[in-house]
Amino acid sequence: MDSQIWFIVVLVTSIILIVYSIIKFKLHPFLSLLLASFYVGLLMKMPPLKMISAIEDGIGNTLGFLAAVIGLGTILGKMMEVSGAAERIGLTLQKCRFLSPQVIMVLVGLICGITLFVEVGVVLLIPLAFSIAKKTQTSLLTLAIPLCTALMAVHCIVPPHPAALFVTNALGADIGTVIVYGLMIGLLASLVAGPIFLKIINKKIPFKTVPKEFSEMKIRDELELPSLGATLFTVLLPIILMLIKTIAELNIDKTTFMYQILEFIGNPITAMFIGAFVAYYILGIRQKMRMSDLLIKTESGFSSIANILLIIGAGGAFNGVLKSSGLSDGLAGILSQLNMHPILLAWLVAIILHAAVGSATVAMMGATAIVSPMLPLYPNVSPEIITLAIGSGAIGCTIVTDSLFWLVKQYCGATLNEIFKYYTSATFIASLVALAGTFLLSYII
C-alpha cells in the first residue's frame, strides 16, 4: 500500500477508534486516547520500547507545564465561586441600564469564564440568568444561550484555559497575543451568536420559565459579596501580568535585568501563582474566611481537575506517538498538497473532532497533533493565528456527544429539539464568526 494512503488510513481509523470507544463502549477519554496511542504505534511498526518512551515523553512534556497552571487556575476559579465574585460582576452589569439582558449575559460569561471551567461556569452563573429572567419576564433560553456560548468561546480560545494554553504552548505561540486577540474574537463571536442571533429569530423562541427543580436557587445578598474593584483586580491580574511579558518582549532590551524580571513575572506559572495568593487574600481572608476553610475549598477544587489532567496527559501521549512514529511528518506532506488554507484546515479538524468526541479539549489536542507538522510549510501564517483557528473550531457543534449540551438542556427545561435549534446553532454561528475573525486577524499579525 502506498505510504501516503497508509498514513491517512492510520489517522482516520485512530480517530474512529477514539470516537467509537468513547460513544459506544463508554470508555473514559483518557483510556481512549491511550488506546489510540498504542494503536498508532503498532500500525506504524514502532519498536515497543520506543512507543512507551514516546507516550511517557508526551505525557511528561505536556503536563510538566500545564499541571501547575491548571492547579493554580483551579484555586482562582474556586475563590471566584466561594466568595461570590462572579455574582458581583453579574449584579453590577445588571445596573447598566443601557445594556440588554442578553449582552449582560455575554459579558458575565466572558469575564467570569477567564477563571472558570465551562461546566463550572454554567452551574455557578445560571442562577443569575434565573434571576434576570424572573425580573424581566423574558424566556430563560434568551439568557442562558448567550451566557453558555460566551463561556464556551472563552474556554476554547483564551489562555489560561487548559486546552487553549496547551495549543498555545505546543505551537510556540505568544500567550499575550493569543489572550488579547482571543478575547476580541470571543466577544465578537458571542455577541453575534447570542444577542444578535436571538434577536433575528426572537418570535420563534419559546417562552421558558425557570424549571421547578431549580426554582429555589438564589443568588447571594449583595452585602455579602466582594467589591467590584477587588473582583476585577483578582480576575484580571494573571492576564495583566502575562500581557506585560508580551509588551516587554516587544519594547525592552532582552539583555537587561528589567526584562528578565518582567519575563519571570509574566510566565503563566508565576502569573497564576501570584494570582492564586492574591485571590486567597482579597476573596478569602478579606471576606473573613479562615485559612483552614480555604484549605478545604482548595482540596475540593483539586479533586475536580483529575479528569482534565488525565485527558490532557493522554492527549500529549497521542501527540507524542504521532510525532515519534513519523505519522505527523507524513501527514504534513499530504495536507500541504490539499491546497486548503491552514486556518480553514485547523478550524475544520477541530470542529469535526468536537462533534465526534464531544470534548472541546480532546478536539483541540487532536487538531494540534494533525495540523502542527505542516506549519513550517506556511511561514506567513503565525502560530498565534493557528491557535485561534483551532480554538474557533472547537467552539462549534455542541451536540449530544457533549455533556455541556445536556447541562444546558436540563437547566433551561428545554426539549432536545429546542436545544439543537437554539444552542447548537448558536455555538456553530459563534464558531463561524470566530473563524472569520481569525482570517481577518491573519492579515494583521
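We now turn to the structure provided with this report.

Parameters and conventions
- Residues numbered from 1 in each chain as written.
- Predicted model: local features only at pLDDT ≥ 70, side-chain atom pairs only at ≥ 80, totals over all residues.
- Heavy atoms only, no water.
- Axes fitted to C-alpha atoms, helices over the stretch in contact; angles between N-to-C directions.
- Helix = DSSP H or I, 4+ residues; strand = E, 2+ residues; numbered from the N terminus.
- Left-handed = near helix turned anticlockwise from the far one by under 90°.
- Contact = heavy atoms within 4.5 Å.
- Nonpolar A, V, L, I, M, F, W, Y, C, P; charged D, E, K, R; others polar.
- Phe/Tyr/Trp six-rings, centres within 6.5 Å; stacked < 30°, edge-to-face > 60°.
- Buried < 20%, exposed > 50% of the residue type's maximum accessible area, 1.4 Å probe, protein only.
- Salt bridge = Lys/Arg side-chain N within 4 Å of Asp/Glu carboxyl O.
- Patch = residues over 30% accessible without salt bridge, like charges linked within 9 Å, V, L, I, M, F, W, Y side chains within 5 Å.
- Areas by Shrake-Rupley, 256 points an atom, 1.4 Å probe, with all protein chains shown as cover.
- 1 Å grid on protein atoms, 1.4 Å probe; cavity = no way out; pocket = protein on both sides within 12 Å on 5 of 7 lines; lining within 4 Å.
- Points joined across faces, edges and corners; volume = space filled by probe spheres on them.

For the pair helix H3 (residues 48-83) and helix H8 (residues 162-171), interaxial distance at closest approach is 11 Å and the crossing angle is 145 degrees. As for how H3 packs across H8, the hand of that crossing is right-handed. Residues Thr62, Phe65, Leu66, Val69 and Ile70 of H3 touch H8, and the partners they reach there are Pro162, Leu165, Phe166 and Asn169. Looking at the contact of H3 with H8, its residues break down into 7 nonpolar, 2 polar and no charged.

Below, the discussion takes up the packing of aromatic side chains. Evaluated as defined, the whole model comprises 6 aromatic pairs. Relative to Tyr411, the ring of Phe130 lies with its centre 6.4 Å away and its plane at 55 degrees, an arrangement referred to as tilted. Residue Phe130 is located in helix H6 (residues 118-136), and its partner Tyr411 is located in helix H19 (residues 403-412); the two are separated by 281 residues in the primary sequence. Among the aromatic residues, those joined into a ring-pair cluster are Phe273, Phe277 and Tyr280.

The next subject is the side chain of Thr298. Within the secondary structure, Thr298 is located in helix H13 (residues 291-303). Take Thr298: its relative accessible area is 9%, and that puts it in the buried class. Leaving out residues up to four positions away in the same chain, Thr298 has contacts with Ile75 and Tyr280.

All right, on to the pattern of salt bridges then. Any two side chains of opposite charge can pair if their charged atoms end up close together. In the structure shown here, the tally under the stated rule is 4 salt bridges. With its nearest N and O atoms 3.1 Å apart, the salt bridge here joins Lys208 to Glu418. Within this pair, whereas Lys208 is found in the loop between helix H9 (175-200) and helix H10 (228-251), its partner Glu418 is found in helix H20 (residues 416-441), the two being separated by 210 residues in sequence. Both residues of the pair, Lys208 and Glu418, count as buried. In this structure, a network of salt bridges that share partners links the residues Lys245, Glu249 and Glu263.

The element H8 is largely enclosed, with a buried count of 8 among its 10 residues. For H8, the set of buried residues is Pro162, Ala163, Ala164, Leu165, Phe166, Val167, Thr168 and Leu171. Looking at the packing, one finds that the buried side of H8 touches H3, helix H7 (141-157), H9, helix H14 (306-324), helix H17 (360-371) and helix H18 (383-395). Of the residues one or two after H8, Gly172 is the one with positive phi, at around 70 degrees.

Together, Ile8, Val12, Ile16, Tyr20 and Phe25 line one region of the surface with nonpolar side chains, adding up to about 500 Å² of accessible area. Considering the arrangement of structural elements, one finds Ile8 in helix H1 (residues 3-23). Given the relative accessible area of 39%, Ile8 is considered partly exposed.

Here Ser32 shows up in helix H2 (residues 29-43). Judged by its relative accessible area of 0%, Ser32 is buried. Excluding anything up to four places from it in sequence, Ser32 contacts Ile18, Ser21, Ile22 and Leu27.

Taken as a whole, the largest pocket holds about 790 Å³ of empty space. Lining the largest pocket we find 33 residues, and of these Glu119, Asn307, Ile308, Ile311 and Ser403 sit closest to its centre. Contributions of two or more residues to the lining of the largest pocket are made by H1, H3, H6, H7, H14, H17 and H19. It is H3 that provides the largest number of residues to the lining of the largest pocket, a total of 5 residues. For the lining of the largest pocket, a count of residues per class yields 14 nonpolar, 14 polar and 5 charged. Reported here for the second largest pocket is a volume of approximately 380 Å³. Lining the second largest pocket are 17 residues, and of these Leu11, Val12, Ile15, Val349 and Ile370 sit closest to its centre. Among the residues making up the lining of the second largest pocket, the classes are represented as 17 nonpolar, no polar and no charged.

As a further point, take the environment of Ile145. Tracing the sequence through the fold places Ile145 in helix H7. Residue Ile145 is classed as buried on the basis of its relative accessible area, which comes to 1%. Separated by 263 residues in sequence, Ile145 and Val408 have C-alpha atoms that sit 8.2 Å apart. Once you skip the residues sitting within four places of it in the chain, Ile145 turns out to touch Leu198, Tyr422, Tyr423 and Ala426.

Within the structure shown, the criterion is met by 2 cavities of 30 Å³ or more. A volume near 110 Å³ is recorded for the largest cavity. Surrounding the largest cavity, 13 residues form its lining, Gly73, Thr115, Phe117, Pro160 and Pro162 being those nearest its centre. A total of 5 residues in the lining of the largest cavity trace back to one element, the largest contributor, which is H3. A breakdown of the residues in the lining of the largest cavity according to their chemical character gives 9 nonpolar, 4 polar and no charged. Around the second largest cavity, the lining residues are Ile15, Ile18, Leu33, Gly315, Phe318, Asn319, Leu353, Val357, Val362, Met365, Gly366 and Ile370. Looking at the lining of the second largest cavity, the elements with two or more residues in it are H1, H14, helix H16 (342-357) and H17.

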